[in-house]
Amino acid sequence: MRASLLQIDVNEGESVESRRVRVASLVREQAGADLVVLPELWTTGAFAYEEFGSEAEPLEGPTYEAMAKAASDAGVWLHAGSIPERTSSDSGSAAGDGPLYNTSLVFSPSGDLAAAYRKIHRFGFDKGEAVLMGAGEELVTVRLPETVLGVATCYDLRFPELFRGLVDAGAETLVIPAGWPERRRAHWTLLAQARAVENQAFVLACGTAGTHAGVPQAGHSIVVDPWGEVLAQAGAGEQVLTVEFDPGKVAVTRDQFPALKDRVLGLAAPRR
């Protein structure tokens with residue numbers, strides 16, 4: 001299986017529309033890949049909190065349309081990163097007057113929406129994303145011909161119970177778009193490897209480059225195998241990280257070292 005992680009530079013001097021067009025073109029250039037992954041909130045920047053409201057869009061808004069077409073044109077599965085999604089209130093009194101969510105979009109090679117995931121763990125410690133956006137409630141997996149994706153976003157990486165839930169739902173490849181800050185880059189690499197080892201799964205973690213609202217980004221997108229070995233890692237700037245891996249290694253690893261079968265805590269029902 002061939003995956004391409006697009007580590008996008010979110011440059012504050014580039015308009016959202018220009019970036020959207022540029023990224024769609026980059027996706028089309030990945031024709032021949034099985035899976036393409038974009039970062040978190042690459043339209044606005046993950047730390048550009050003041051832009052969330054003005055740049056928020058409905059689920060089937062301009063980013064949805066551009067990425068659906070790009071996926072179809074390239075013939076790839078596309079995890080299109082996440083967008084600030086604006087919803088309508090339950091009453092339906094006005095369009096777009098509901099809460100915001102940090103929502104990831106996954107498209108099939110035909111350009112159809114295969115899944116949408118609203119980020120469960122919001123970053124900010126009672127400010128920023130934590131107060132501006134609502135929290136998702138549902139775990140999301142996507143079945144590809146070669147593997148089952150488990151979908152998470154950035155700060156979710158610090159919460160291992162979420163990934164256990166994804167594995168219980170059948171996930172074999174964990175895909176994590178992020179806008180991770182440079183000052184905590186060591187955690188990014190460490191946690192990506194930890195999630196791979198403890199879940200005996202591939203981890204594809206795609207970050208942003210550049211600076212968001214004065215916060216330098218870590219970049220260093222990374223692909224880790226089920227034994228925790230780093231198959232590929234990007235540098236700091238914008239680049240395409242492409243890697244080939246064998247999804248069958250997940251089953252082999254879990255068979256050769258069946259640690260997941262020895263779980264006791266956190267199971268849905270007691271073992272018999």
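Note that this is a predicted model, so its numbers are computed, not measured.

Procedures and definitions
Residues numbered from 1 in each chain as written. Predicted model: local features only at pLDDT ≥ 70, side-chain atom pairs only at ≥ 80, totals over all residues. Heavy atoms only, no water. Buried < 20%, exposed > 50% of the residue type's maximum accessible area, 1.4 Å probe, protein only. Helix = DSSP H or I, 4+ residues; strand = E, 2+ residues; numbered from the N terminus. Pairing = 2+ DSSP bridges. Salt bridge = Lys/Arg side-chain N within 4 Å of Asp/Glu carboxyl O. 1 Å grid on protein atoms, 1.4 Å probe; cavity = no way out; pocket = protein on both sides within 12 Å on 5 of 7 lines; lining within 4 Å. Points joined across faces, edges and corners; volume = space filled by probe spheres on them. Nonpolar A, V, L, I, M, F, W, Y, C, P; charged D, E, K, R; others polar. Axes fitted to C-alpha atoms, helices over the stretch in contact; angles between N-to-C directions. Parallel < 35°, antiparallel > 145°, perpendicular 65-115°, else oblique. Left-handed = near helix turned anticlockwise from the far one by under 90°. Contact = heavy atoms within 4.5 Å.

Trainee: An account of the pairing of strand β9 (residues 173–177) is needed here, citing residue identities and associated values.
Mentor: In summary, the side chains of a regular strand alternate between the two faces of the sheet. Here β9 lies mainly inside the structure; five of its five residues are buried. Here β9 shows two buried faces, one formed by T173, V175 and P177 and the other by L174 and I176. Both strand β8 (residues 148–151) and β9 contribute to a ladder of three bridges, which runs parallel. Bridging from a neighbouring strand, L149 pairs with T173 of β9.

Trainee: Describe the pattern of salt bridges, naming the residues involved and giving the relevant values.
Mentor: Counted by the stated rule, this structure contains 14 salt bridges. Residue R28 pairs with D73 through a salt bridge whose shortest N-O separation is 2.7 Å. Highlighted residues: R28 in helix α1 (residues 16–28) and D73 in helix α3 (residues 62–74), separated in sequence by 45 residues. According to the relative accessible area criterion, R28 is partly exposed, its value standing at 33%. On the basis of relative accessible area, D73 is assigned to the partly exposed category, the value being 41%. A network of salt bridges, in which partner residues are shared, links E14, R19, R22 and E238.

Trainee: So what about empty space enclosed by the protein? Which residues, and what values?
Mentor: On inspection of all chains with the given rule, the structure shows one cavity of 30 Å³ or more. In this structure, the largest cavity occupies an estimated 160 Å³ of space. Together, 17 residues line the largest cavity, and F47, F123, C154, Y155 and G179 are the ones closest to its centre. Here the residues of the lining of the largest cavity sort into ten nonpolar, two polar and five charged.

Trainee: So what's going on with the sheet that holds strand β2 (residues 9–10)? Residues and values would help.
Mentor: Spatially, β2-β11-β12 is the arrangement adopted by the three strands of the open sheet, whose pairing is mixed. On the outer flanks of this sheet lie β2 and β12 (215–216), each paired with one strand and no other. One ladder, built from two bridges, connects β2 with strand β11 (residues 209–212); its direction is parallel. In the sheet register, V10 faces β11, and the bridge partner there is G210.

Trainee: So what about the packing of helix α5 (residues 160–168) against helix α6 (residues 185–199)? Which residues, and what values?
Mentor: Contact geometry of α5 with α6 gives a least axis separation of 11 Å together with a crossing angle of 40 degrees. In terms of their interaxial angle, α5 and α6 are classed as oblique. Handedness of the crossing formed by α5 with α6: right-handed. Here α5 contributes P160, F163, R164 and V167 to the contact with α6, which in turn contributes R195, E198 and N199. Each residue belonging to the contact of α5 with α6 can be placed in one class, and the counts come to three nonpolar, one polar and three charged.

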